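Each chain is listed here by its residues.
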Amino acid sequence: MENFVNLNELSTSEVQNLIDNALAFKNGTREPQKSEHMVANLFFENSTRTHSSFQVAELKMGWEQIMIDPQTSSTKKGESLSDTLKTLGALGIEYAVIRHSINDWYKPLIEEHSPLMPHLINAGDGNGQHPSQSLLDLVTIYEEFGHFDGLNVRIVGDLLHSRVARSNAEILQRLGANVTFSGPEEWYPADFDQYGSYVPLDEGLENLDIIMFLRVQHERIAEMDQADFSAVDYHHNFGLTKDRYDKLKDSAIIMHPAPVNRDVEIADALVEAPKSRIFKQMTNGVYARMAILDAVSNHE
Ligand code: CP
């Protein structure tokens, strides 16, 4: 693939290949082919996991990397994203990993068909897609269960503002999982009905294989609604409490893209509980991103 911008634009076999490659890198059955590609990482929104794990993946693949800090770059002088990227292309940068608040930021750039444009890797666009997070979630689920077909997956929380929810709901449904959603009803986007159905959180917890909690995206919630937000009420109504944890099967796993608002989405004591795979997701993020770099650099 020339660019990696939306997991849902890939065929099922392409997605499975990425999962298999990520796990092969993890298990050591595949060694990275060291190459001298040059990549720039541009994060216009804050990040710890995605930014760091792309950096680690790039180093493991032997890539040369440069960091662009949007706060000190010429985007602050009004330079467009397109001109910034073509400038990097003119300097010899072949790949750009980008997180940006604008949904679908990559579409007009790809449509330019400029020979100067680096290959684009989407590290998150607005509340659109987060394909590398979605891939690492798939890797984590596949490593655990060995399949997706028939798994009961519940996605809980701030569905409206989450790019993780949309990316995962779409691909998990395509791969044969039974997806349901819970959380504040006012944060349930009506178009999610195409991927699954909304159910109260306490319904059917004992049948779930995977329960995936989402961060409350305070930075995307209007100030007026922020004033009404109570962390205690949210946790009581939509969070993972000890009672809810105990209702889950022993084989069920708990996921969260992180950062976690402890005692909001998940009780502090349960973030690292036996059923939690939250830190394993982060570890798998490096291997998922190695598989992405491998795929985009073998596009010829
Ligand atoms: N899960 C995730 O995208 O985390 P960061 O915002 O820290 O990259």
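Residues numbered from 1 in each chain as written. Predicted model: local features only at pLDDT ≥ 70, side-chain atom pairs only at ≥ 80, totals over all residues. Heavy atoms only, no water.

Further remarks concern the environment of Arg262. In this structure, Arg262 sits in the loop between β9 (253-255) and α10 (278-297). When the C-alpha atoms of Arg262 and Gly239 are compared, they prove to be 9.8 Å apart, with 23 residues separating the residues in sequence. Those residues in contact with Arg262 that lie beyond four places of it in its chain are Asp268, Val271 and Glu272. Within the local environment of Arg262, its side chain forms a polar contact with the side chain of Asp268, the two groups lying 2.7 Å apart. Polar side-chain contacts of Arg262 include one of 3.0 Å to the side chain of Glu272. (Helix = DSSP H or I, 4+ residues; strand = E, 2+ residues; numbered from the N terminus. Contact = heavy atoms within 4.5 Å. Polar contact = N/O pair within 3.5 Å; in protein donor to acceptor, adjacent residues only side chain to side chain.)

What follows is about the layout of surface pockets. Of the volumes computed, that of the largest pocket is approximately 380 Å³. As for the largest pocket, its lining consists of 22 residues, of which Arg99, Arg163, Arg215, Ala258 and Pro259 are closest to the centre. Listed by contribution, the elements that provide at least two residues to the lining of the largest pocket are α2 (49-60) and α6 (163-174). When grouped by side-chain class, the residues that make up the lining of the largest pocket number 5 nonpolar, 10 polar and 7 charged. There is about 250 Å³ of room inside the second largest pocket. When residues of the lining of the second largest pocket are traced back to their parent elements, those giving at least two are α7 (223-228) and α8 (231-238). Top element by residues in the lining of the second largest pocket is α8. It accounts for 4 residues. Here the residues of the lining of the second largest pocket sort into 6 nonpolar, 2 polar and 4 charged. (1 Å grid on protein atoms, 1.4 Å probe; cavity = no way out; pocket = protein on both sides within 12 Å on 5 of 7 lines; lining within 4 Å. Points joined across faces, edges and corners; volume = space filled by probe spheres on them. Nonpolar A, V, L, I, M, F, W, Y, C, P; charged D, E, K, R; others polar.)

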